[in-house]
Amino acid sequence: QVQLVESGGGLVQPGGSLRLTCTTSGINMSIYTMRWYRQAPGKQRELVAAIASGGTTNYADSVKGRFTISRDNTKNTVYLRMNNLKPEDTAVYYCNSQRRNPITSRSSDYWGQGTQVTVSS
């Protein structure tokens, strides 16, 4: 059974920092691309950051320079360090793991339940 469990969300003041953690089980995380998405009330889910199995990272323009995604395959864990948080970062943050089998082209796609991040004074 595959599980992705997010933690580390909470209430923080503008300019503050948080580190989100996503711990996986049931998959060999080292061969998956890991992503963080977020969804604010009334808005569509959006991609925040991604890290490929080889370590290449990508970020949404809105978080570049403030957020850092990293992974520790030995712990089956991916992190999202968020600095200089803004009220517009308020959302539920979701962890996602995705991999396309190179032989069958079948895609495996898993999601966590999400963790709430609220940025407010």
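The sections below set out a description of the structure shown in this document. (Residues numbered from 1 in each chain as written. Predicted model: local features only at pLDDT ≥ 70, side-chain atom pairs only at ≥ 80, totals over all residues. Heavy atoms only, no water.)

1. With respect to the sheet that holds strand E8 (residues 77–82)
Then step 1. One open sheet accounts for four strands, arranged E1-E3-E8-E7; its pairing is antiparallel. Taken across any chain shown, the strands that pair with only one partner, and hence form the sheet edges, are strand E1 (3–7) and strand E7 (67–72). The average angle at which neighbouring strand axes cross in this sheet is 15 degrees, direction not considered.
Then step 2. For E7 and E8, the ladder comprises six bridges, and the chain directions are antiparallel. In the strand pairing of E8, Asp72 is matched with Thr77. (Pairing = 2+ DSSP bridges. Helix = DSSP H or I, 4+ residues; strand = E, 2+ residues; numbered from the N terminus. Axes fitted to C-alpha atoms, helices over the stretch in contact; angles between N-to-C directions.)

2. Digging into the nonpolar core
Burial of nonpolar side chains together is a common tendency in soluble globular proteins.
Then step 1. Of all hydrophobic cores here, the largest spans 27 residues; its most connected members are Trp36, Leu80, Met82 and Tyr93.
Then step 2. At the level of secondary structure, the elements contributing two or more residues to this core comprise strand E3 (18–25), strand E4 (33–39), strand E5 (46–51), E7, E8, strand E9 (91–100) and strand E11 (115–119). (Core = buried A, V, L, I, M, F, W, Y, C linked by side-chain atoms within 4.5 Å. Buried < 20%, exposed > 50% of the residue type's maximum accessible area, 1.4 Å probe, protein only.)

3. Observations concerning unusual backbone geometry
When glycine is set aside, most residues are seen to have a negative phi, and most peptide bonds are trans.
Then step 1. Backbone geometry at Asn76 places phi at a positive 55 degrees, although glycine is not the residue there.
Then step 2. Topologically, Asn76 is positioned in the loop between E7 and E8.
Then step 3. Among the residues examined, Asn76 registers a relative accessible area of 27% and is labelled partly exposed.
Then step 4. Despite not being glycine, Asn84 has its phi angle at roughly 50 degrees, a positive value.
Then step 5. Within the element layout of this structure, Asn84 appears in the loop between E8 and E9.
Then step 6. Judged by relative accessible area, which is 43%, Asn84 ranks as partly exposed.

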